[in-house]
Amino acid sequence: MSTSIERVCECLKILEGLSGRLDMARELGEFLKVLDNRERGPFVYLVQGQLNPPFRGGETGMSTRLVLRAIARAAKDAGIPLETSPETLLGNLGDMGNLAETVFIGRKGESLPFLRVFETMESLSRQEGEGSQEEKIRSLADLFLKLSPLSTRFVARFVVGKLRLGVGDATIIDALSQWQGGKPARKPIENGYNLCSDLGRIATILGEQGIEGVRCLRPSPGFPIRMALCERLSSGEEIFEKIGACPVESKYDGFRCQVHTDGDRVQVFSRNLEETTLMFPEIVAATRTLFGTRPAIFEGEALGYNPETGGYHPFQVTITRKRKHNVKEKSDEIPLKMLVFDLMFLDGESWLEQPFLKRREQLEKIFPTHAFAVDEMEVAPTGVFGTSRMIMADHPSVIDHFFDEVLEEGFEGIIAKRREGTYTAGSRNFNWIKLKKSYKDALSDTLDLVVIGYYRGKGQRTRLGIGAVLTAAYDAELDRLVSIARIGSGLTEEEWVALRGALDETVVPERPHSVLSEIVPDFWVEPKFVVTVRADDITRSPQHMCGRRDGEEGYALRFPRMTAPPRADKDPQDATSVREIESMYQKQKTLSARHRVKEEGSRED
Ligand code: ATP
């Protein structure tokens, strides 16, 4: 039995009224039971505000202007007189969904199957080229004419990409687990998701084969594996204490690339699992040459290379490769090298569970290892690929020595890897430990924070129209973005203006569902842009929501500044987490206690 769009939209309406992660998951979990299995995948994408899993992209391609025209057209066809233009109404109501619902209020609507509506929305994304705009307006207007007012609300929001239910991946995983019997199902579902990054696919497999189906999932070319992430420590000694003798690698500052080949098609995915294949023609070509028909998934860091000096470019130069047009010219100007550091899948077998040193051994059989160390200096590979430079450290001093050496060479630090560590997809743990220069200075690392709002400029900044941004960290437990800092420095005037332009495109009338903040900025924005932030200290503050629990104050930043405009390789859910901020705060306390003891000691001397 197919489910009607009306029924689906009633569920969305309930979700919209809920704010707690548990309530949302319960509601979603119940609704998943009601759906037919063909509907589950599309329903999950719908709730995520997408037509496909995020790595496939595929937006409806409908701008606000086109949707307004579709509403006007449908109103005309239905004989609904519009005393005020849809543009003005939108200005008054501030939301496309409310506008559509208001215009079509009182209409009955047909009982359309949800899948039919979803397919119509998908077909909008496929209409391209001459005349396609008119076609899209026609198709959407026809759809509006068949829907109830409630359904027009959600369909209109969806097609302009502003569904904003505040349901994050973690909440969907909870919902899938509830549907599959609760807590014991969560881990296998989460693991399955980490292997394919596609919650719609997980929902479909669960419906067809139950939890066993998800347990049997293996990496598969074309489905990005959620990336393994590093923990931080501040010295060779701490690293050695934690994982003992270990391999240590140079930490390169470029683009993380996860390369997939199924023996025919080669794809490259970025840190936030977007497909970036077109940016890296040389990686695609070199993969074809090296692997032929062998299917594989591997990972490494791509760096711009300067043939004149024989060295790598800094990230600021490498990033200029990030473009969709004139890729060929740019790749001639800034050739790339890829330093490969992990292997996840080969010849139909998963390598995720193999100990690190075994994966590395296999990696070295496949890729040329001449990437490094002539007279202790790293030299680039002659072809596109080389394995990352690695040494074996059997003493803390070896780690520290290697660290100093790579810094002298201009790299940003090192990554130590647990010898027997598996590739822990989607998880940050001590299997990989990064040590960067900044950890030895004041506040450990930089933070990646999500912009959730901005303030009009005052004084000198009035003419820029922006004075500061309000930012948030990610609370994985709540599946919410929680405010942590108002930031008014770090960018050039041009960068502020560009940031304001980008933020203006995403202004929303009220605090988004996915955000928790008691501080109210002049403008709320859709949480979309991630900025890297440096600060002097993490402090406790009653103002912010980050880390606020059981009567304890939240965390805030002292003297925060952005280090650059928003970074494109991170999504809001990749922002620094509350757990990380908590551990940075603890570390900072220990460091300053040590510092005090040292100072007191030297005063006594
Ligand atoms: P994170 O990925 O931990 O959220 P981030 O993206 O801000 O943080 P860093 O904290 O600087 O990046 O460090 C981790 C990144 O370092 C990896 O995502 C990867 O892109 C890069 N990297 C460079 N060299 C290596 C290496 N040898 N092994 C693993 N990762 C490496």
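Here the structure is a predicted model, which means the values were calculated and not measured.

What counts and what doesn't
- Residues numbered from 1 in each chain as written.
- Predicted model: local features only at pLDDT ≥ 70, side-chain atom pairs only at ≥ 80, totals over all residues.
- Heavy atoms only, no water.
- Helix = DSSP H or I, 4+ residues; strand = E, 2+ residues; numbered from the N terminus.
- Rg over C-alpha atoms; globule rule 2.2 N^0.38 Å.
- Buried < 20%, exposed > 50% of the residue type's maximum accessible area, 1.4 Å probe, protein only.
- Contact = heavy atoms within 4.5 Å.
- Pairing = 2+ DSSP bridges.
- Axes fitted to C-alpha atoms, helices over the stretch in contact; angles between N-to-C directions.
- Core = buried A, V, L, I, M, F, W, Y, C linked by side-chain atoms within 4.5 Å.
- pLDDT = per-residue confidence, 0-100.
- Phe/Tyr/Trp six-rings, centres within 6.5 Å; stacked < 30°, edge-to-face > 60°.
- Lys NZ or Arg CZ within 6 Å of the ring centre and 35° of its normal.
- Expected span 1.5 Å × (residues − 1).
- Near = heavy atom within 4 Å.
- Polar contact = N/O pair within 3.5 Å; in protein donor to acceptor, adjacent residues only side chain to side chain.
- Areas by Shrake-Rupley, 256 points an atom, 1.4 Å probe, with all protein chains shown as cover.
- Domains from an automatic or database assignment.
- Buried area = accessible area lost by both parts, 1.4 Å probe.
- Salt bridge = Lys/Arg side-chain N within 4 Å of Asp/Glu carboxyl O.
- Nonpolar A, V, L, I, M, F, W, Y, C, P; charged D, E, K, R; others polar.
- Parallel < 35°, antiparallel > 145°, perpendicular 65-115°, else oblique.
- Left-handed = near helix turned anticlockwise from the far one by under 90°.

## Here's the deal with the overall build of the protein
Then, in step 1: The secondary structure content of the protein amounts to 21 helices and 22 strands.
Then, in step 2: A globule of 605 residues ought to have a C-alpha radius of gyration of about 25 Å, and the protein, at 26 Å, matches this closely.
Then, in step 3: Dimensions of the protein, computed from C-alpha atoms along their principal axes, come out at roughly 85 × 60 × 50 Å.
Then, in step 4: The buried share among the 605 residues of the protein stands at 54%.
Then, in step 5: Taking all contacts inside the protein whose residues are at least 6 apart in sequence as the whole, residues at least 24 apart take part in 71%.

## What about the sheet that holds strand E10 (residues 390-393)?
Then, in step 1: Ordered by their spatial adjacency, 5 strands build an open sheet running E1-E12-E11-E2-E10, and the pairing between neighbours is mixed. In the strand order of this sheet, the two ends are held by strand E1 (229-232) and E10, each with one partner. This sheet shows a mean twist of 40° between the axes of neighbouring strands, independent of strand direction.
Then, in step 2: Direction of pairing for E1 relative to strand E12 (residues 428-436): parallel, over a ladder of 4 bridges. Note that in E12 the partner of cysteine 230 across the bridge is asparagine 429.
Then, in step 3: Docked against the sheet, helix H13 (residues 236-243) engages strand E2 (246-251), E10, strand E11 (413-417) and E12, running at close to 165° with respect to E12.

## A closer look at the nonpolar core
Then, in step 1: Ranked by size, the top nonpolar core spans 91 residues in total, and within it Phe43, Met121, Leu140, Phe144 and Leu176 carry the most contacts.
Then, in step 2: Per-element tally for this core: the top contributor is helix H4 (residues 64-77), with 7 residues.
Then, in step 3: Once you skip the residues sitting within four places of it in the chain, methionine 121 turns out to touch Leu46, Leu51, Thr60, Leu143, Val155, Phe158 and Val159.
Then, in step 4: Listed in part, the 30 residues of the second largest apolar core include Val525, Ile538, Leu557 and Tyr585.

## Quick word on the confidence of the model for the protein
Then, in step 1: Looking at the protein, pLDDT values average 90 and 95% of them are 70 or higher.
Then, in step 2: Least confident of the elements in the protein is helix H19 (residues 437-440), whose mean pLDDT is 62; most confident is strand E4 (residues 266-269), at 98.

## Topic: the packing of aromatic side chains
Then, in step 1: The final tally for this structure, using the stated rule, is 21 aromatic pairs.
Then, in step 2: Feature note: the residues Tyr252, Tyr305, Tyr312 and Phe411 constitute an aromatic cluster, connected by ring pairs.
Then, in step 3: Taking the ring centre of phenylalanine 430 as reference, the NZ or CZ of lysine 242 above it sits at 4.3 Å.

## Looking at helix H7 (residues 114-126)
Then, in step 1: Its 13 residues give H7 an end-to-end C-alpha distance of 19 Å, which sits within 8% of 18 Å, the value for a rise of 1.5 Å per residue.
Then, in step 2: All of the buried residues in H7 are Phe114, Leu115, Val117, Phe118, Met121 and Leu124.
Then, in step 3: Buried residues along H7 sit in contact with helix H1 (5-16), helix H3 (37-47), helix H8 (132-146) and helix H9 (149-159).

## A closer look at the site of the ligand
Then, in step 1: Around the ligand lies a shell of 20 residues, among which Lys251, Arg271, Glu301, Lys417 and Lys434 are the nearest.
Then, in step 2: Contact between the ligand and glutamate 249: a nitrogen atom at 2.8 Å from a side-chain N or O atom of the residue.
Then, in step 3: Measuring from an oxygen atom of the ligand, one finds a side-chain N or O atom of arginine 428 at 2.9 Å.
Then, in step 4: Its free accessible area being 600 Å², the ligand has 93% of it covered by the protein chains.
Then, in step 5: When contributions to the shell around the ligand are tallied by element, the ones reaching two or more residues are E1, E2, E11 and E12.
Then, in step 6: Broken down by element, the residue count for the shell around the ligand peaks at 4 residues, all from E12.

## Describing the environment of valine 44
Then, in step 1: Residue position: valine 44 is located in helix H3.
Then, in step 2: According to the relative accessible area criterion, valine 44 is buried, its value standing at 4%.
Then, in step 3: For valine 44 and serine 220, which are 176 residues apart along the polypeptide, the C-alpha to C-alpha distance reads 21 Å.

## Some words on helix H18 (residues 396-408)
Then, in step 1: Between its first and last C-alpha, H18 extends 19 Å over 13 residues, near the 18 Å set by a 1.5 Å rise per residue.
Then, in step 2: Among the residues of H18, those classed as buried are Pro396, Ile399, Phe402, Phe403, Glu405 and Val406.
Then, in step 3: Positioned one or two residues after H18, glycine 410 has a phi angle of 95°, which is positive.

## Some points on the domain arrangement of the protein
Then, in step 1: The domain boundaries assigned to the protein delineate domain 1 (229-435) and domain 2 (446-590).
Then, in step 2: The straight-line distance from the C-alpha centre of domain 1 to that of domain 2 is 30 Å.
Then, in step 3: On the side of domain 2, 10 residues touch domain 1, which itself brings 9 residues to the contact.
Then, in step 4: Taken together, the two surfaces of domain 1 and domain 2 that pack against each other cover about 910 Å², and 35% of this comes from carbon and sulfur.
Then, in step 5: Summed over the three residues of domain 1 that lose the most area to domain 2, namely Arg232, Arg271 and Asn272, the buried surface amounts to 57% of that side.
Then, in step 6: The tally of links between domain 1 and domain 2 comes to 5 salt bridges.
Then, in step 7: The residue arginine 232 makes a salt bridge to glutamate 580 at a minimum N-O spacing of 2.8 Å.
Then, in step 8: Partitioning the side of domain 1 that touches domain 2 into residue classes produces 1 nonpolar, 2 polar and 6 charged.

## Here's the deal with the packing of helix H2 (residues 21-34) against H3
Then, in step 1: Between H2 and H3, whose axes approach to 10 Å, the crossing angle comes to 150°. It follows from the interaxial angle that H2 and H3 lie roughly antiparallel. Note that H2 runs across H3; the crossing there is right-handed. Here Leu28, Phe31, Leu32 and Lys33 of H2 come into contact with H3, specifically with Arg40, Phe43, Val44 and Val47.

## Some thoughts on the pattern of salt bridges
Then, in step 1: Under the criterion given, the structure shown has 41 salt bridges.
Then, in step 2: Between glutamate 101 and arginine 153 there is a salt bridge, with the nearest N and O atoms lying 2.7 Å from each other. Residue glutamate 101 is found in helix H6 (residues 96-103), and its partner arginine 153 is found in helix H9; the two are separated by 52 residues along the sequence. Of the two residues examined, glutamate 101 and arginine 153, each falls in the buried class.

## Quick word on the packing of H3 against helix H12 (residues 199-215)
Then, in step 1: Put simply, H3 and H12 touch, their axes get as near as 8 Å, and they point 160° apart. The angle between H3 and H12 places the two elements in the roughly antiparallel class. Remark: the crossing between H3 and H12 carries right-handed chirality. Seen from H3, the contacting residues are Asn37, Arg40, Gly41, Val44 and Tyr45; seen from H12, they are Leu199, Gly200, Arg201, Ala203, Thr204, Gly207 and Glu208.
Then, in step 2: A per-class count over the contact of H3 with H12 returns 4 nonpolar, 5 polar and 3 charged.

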